[in-house]
Amino acid sequence: MRNLTLVMDFYELTMSQVYFNEGKMDEEVTFDLFYRKNPDNAGYAVCAGLDQAIDLVLNFSFTADDINYLRSTNCFNEAFLEYLSNFKFKGDIYAIPEGTPVFPYEPIVRVKGNIIEAQLLETGLLLCINHETMIASKARRIVTAADGRAIMEFGARRSHNFDAAIYGARAAYIGGVAGTATAYAGKLFNMPALGTMAHSFVQSFDSELEAFKAYCNTYPNSATLLLDTYDTLHSGLPNAIRAAKEVLEPQGYRLKGVRIDSGDMAYLSKQIRKELDANGMEDCNIVISNSLDEYLIESLLAQGAKIDSMGVGENLICSKSSPVFGGVYKLSSIYKDGKFIPKIKRSENIEKITNPGYKDLYRIYDRESKMALADVMALHEEKLSEDQDLTIYHQMNTWKNKTFKAGSYYLEPLLLPIFIEGKLVYKRPNLVEIREFSEKAFKTIWEEVKRFAYPQTYYVDLTKKLSDLKHKLLLEIEEE
């Protein structure tokens, strides 16, 4: 496994040397990793990347080569370099499980440790969570638009290098796709690897019919033929039907599918379906690809397109319409004299004001429908009881509040222990388990939150105690 420890912003190291020189290396702090805005103006995101974050922490150590490089920069003293050479994370990490629908401002990861170890993890954690959460969120939107039709991830050749293709495929699977065209991702994550042929395959034969027959002979039980190399309706489709009748059916097989990669997908799919059915091939699937996204898929289905599955490439693997997931990593408290001192970041931009303190996060569910009603952040020392009314407050406008009556709701803690005192305590689920969990969790979110146009804003609010603390700290800053 590659040592990725130095995949960090240089300022994490310069700040850490100052902490070291000032004798602050044992000062305990907490950081929250959260984001401020859903991608694609959506009502939700789907968190992913925790498994890679776990590997990062488990293997986080500075090699001799790392130390030599840092020494060569002439920015660090020998005592600090010696400290780094013996570095090992010994803190606590809590996180929301992969596949969970998440919302702006709530902590996806909470880190507690000494100030240097918490600081040095910043970029690595953000890389893991930002990238995979972006792709998983996009995949979930595309899968939702497909309305039960299978989505295949086809994007490796357009992704941002090898890791983006491989881990993007993993995240897309969490988001609900049926499989990937990336063979290495299939091997590494034991997820379905899918694919048939390219136009070059058809062109390499003397005729389209010969190409189709050759493929059917090699893969008689799974043949899907690409129709649009020359002429979809007047060449590709007739030759596919002929190959099915002359090669597959005499052997007792059926043509599994046909694929189109260009043209008017709505019109072509309807014509293809009509012709296939007229030839007794009602079970032959129609697969489409070519720059699909959730909006085009939704439009095609609204036009009555006859589509059974879809391959989605660059718009998924790069989240082309919203290619940056804006996760941030902010200090929330410092432990002094036996208690956590809350810290807040104030800004002229209201959306950049942080929520202070060492916090927990809960999802509030309706006891009868089992649907998610809101998320609430609470100070770690607070004890919330389902036997009491619970009032939650808007993060800035306290006059916006909502009360849940005792007995009408139940709470689920979202931040689960991953590392305790540097030891991994989390049982890592496999990818299939994560995907199944995500499907189940997504069903607890109201349709109004999931819609593409002007989704309902999901409540992520504060307890009274945390709300009062936040406004108290803001007033104290105002008075300074």
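Before any of the text, the structure's been laid out above.
Keep in mind it's a predicted model, so treat the numbers as computed, not measured. (Residues numbered from 1 in each chain as written. Predicted model: local features only at pLDDT ≥ 70, side-chain atom pairs only at ≥ 80, totals over all residues. Heavy atoms only, no water.)

## Regarding the pairing of strand E13 (residues 339-342)
Every other side chain in a regular strand lies on the same face of the sheet, so the side chains alternate between the two faces. Where strand E12 (residues 327-336) lies against E13, four bridges are found, and the strand directions are antiparallel. Looking at the pairing, Lys336 lines up with Lys339 of E13. Once E12 ends, the chain turns through two residues before running back antiparallel as E13, passing Asp337 with a positive phi of about 50°. (Pairing = 2+ DSSP bridges. Helix = DSSP H or I, 4+ residues; strand = E, 2+ residues; numbered from the N terminus.)

## Points about the state of the cysteines
In the structure shown here, the tally under the stated rule is zero disulfides. A disulfide-free cysteine, Cys216 has its sulfur positioned 9.9 Å from the sulfur of Cys284, the nearest such atom. Unpaired in terms of disulfides, Cys318 finds its nearest cysteine sulfur in Cys128, a separation of 18 Å. For Cys318, a relative accessible area of 9% corresponds to the buried category. (Disulfide = S-S within 2.5 Å. Buried < 20%, exposed > 50% of the residue type's maximum accessible area, 1.4 Å probe, protein only.)

## A short note on helix H3 (residues 64-72)
If you check which residues of H3 are buried, you get Asp66, Ile67 and Leu70. Viewed along the axis of H3, the buried residues span an arc of 95°, placing them on a single side of the element. Turned more than 90 degrees off the buried face of H3, the exposed positions are Ala64, Asp65 and Ser72. Where the residues of H3 are buried, they touch helix H1 (10-21) and helix H4 (78-85). (Arc of directions from axis to C-beta. Contact = heavy atoms within 4.5 Å.)

## As for the nonpolar core
Core analysis: the largest hydrophobic core is formed by 132 residues, its most contacted members being Phe62, Leu255 and Ile297. Examining the composition of this core, we find that twelve residues originate from one element, helix H6 (residues 122-146), more than from any other. Other than its neighbours up to four places away in sequence, Ile297 contacts Ile142, Ala145, Ala146, Ile151, Leu292, Met310 and Val312. If you look at the next biggest cluster of nonpolar residues, it comprises ten residues, including Ala378, Leu390, Ile392 and Tyr409. (Core = buried A, V, L, I, M, F, W, Y, C linked by side-chain atoms within 4.5 Å.)

## Description of the packing of aromatic side chains
Counted according to the given criterion, the structure contains 23 aromatic pairs. Sitting above the plane of the Phe189 ring, Arg170 keeps its charged end 5.9 Å from the centroid. The aromatic ring of Phe442 is capped on one face by Lys450, whose charged end is 4.2 Å from the ring centroid. (Phe/Tyr/Trp six-rings, centres within 6.5 Å; stacked < 30°, edge-to-face > 60°. Lys NZ or Arg CZ within 6 Å of the ring centre and 35° of its normal.)

## Overview of unusual backbone geometry
Phi at Tyr105 is positive, roughly 80°, even though this residue is not glycine. On the secondary structure map, Tyr105 appears in the loop between strand E4 (101-102) and strand E5 (109-114). Look at Tyr105 and you get buried, because its relative accessible area is 19%.

## Notes on the environment of Lys270
Position of Lys270 among the secondary structure elements: in helix H12 (residues 265-278). What Lys270 contacts, discounting residues up to four positions off in sequence, is Gln303, Gly304, Ala305 and Lys306.

## Here we look at the sheet that holds E13
Here we have seven strands laid out as an open sheet, ordered E13-E12-E1-E5-E3-E19-E20, and antiparallel in their pairing. Only two strands of the sheet have a single neighbouring strand rather than two, namely E13 and strand E20 (423-424). As judged from the two bridges shared by strand E19 (residues 416-420) and E20, these two strands associate in the antiparallel manner. Counterpart to Phe419 in the pairing with E20 is Leu424.

## Examining the packing of H6 against helix H13 (residues 294-302)
When two helices pack together, their arrangement is captured by the angle between the axes and the distance separating the axes. Relative orientation of the contacting elements H6 and H13 amounts to 0°, with a least axis distance of 8 Å. By the angle between their directions, the pair H6 and H13 is classed as roughly parallel. Between H6 and H13, the contacting residues are Lys138, Arg141, Ile142, Ala145 and Ala146 on the first element and Glu294, Tyr295, Ile297, Glu298 and Leu301 on the second. Residues that form the contact of H6 with H13 fall into these classes: six nonpolar, no polar and four charged. (Axes fitted to C-alpha atoms, helices over the stretch in contact; angles between N-to-C directions. Parallel < 35°, antiparallel > 145°, perpendicular 65-115°, else oblique. Nonpolar A, V, L, I, M, F, W, Y, C, P; charged D, E, K, R; others polar.)

## With respect to the pattern of salt bridges
A complete count under the given rule lists 33 salt bridges for this structure. Between Asp55 and Arg428 there is a salt bridge whose closest N-O contact spans 2.9 Å. Of this pair, Asp55 sits in helix H2 (residues 50-58) while Arg428 sits in the loop between E20 and helix H15 (431-442), and the two are 373 residues apart along the sequence. We note a salt bridge from Lys450 to Glu447, for which the minimum N-O separation is 3.3 Å. Of this pair, Lys450 and Glu447 both sit in helix H16 (residues 447-450), three residues apart, roughly one helical turn. Take Lys450: its relative accessible area is 8%, and that puts it in the buried class. Put simply, Asp40, Lys138, Arg141 and Glu294 are held in one network by salt bridges that share partners. (Salt bridge = Lys/Arg side-chain N within 4 Å of Asp/Glu carboxyl O.)

## Quick notes on the environment of Leu384
Topologically, Leu384 is positioned in the loop between strand E15 (372-379) and strand E16 (390-393). The partly exposed category is assigned to Leu384, whose relative accessible area is 25%. Each C-alpha atom, one on Leu384 and one on Tyr362, is 9.4 Å from the other, the two residues being 22 residues apart in sequence.

## A look at the packing of H3 against H4
Where H3 meets H4, the closest approach of the two axes is 10 Å, and the angle between their N-to-C directions is 160°. Comparing the axis directions of H3 and H4 gives the class roughly antiparallel. When the axes of H3 and H4 are compared, the crossing they make is right-handed. On H4, the residues that touch Ile67, Leu70 and Arg71 of H3 are Glu78, Leu81, Leu84 and Ser85. When its residues are assigned to classes, the contact of H3 with H4 shows four nonpolar, one polar and two charged. (Left-handed = near helix turned anticlockwise from the far one by under 90°.)

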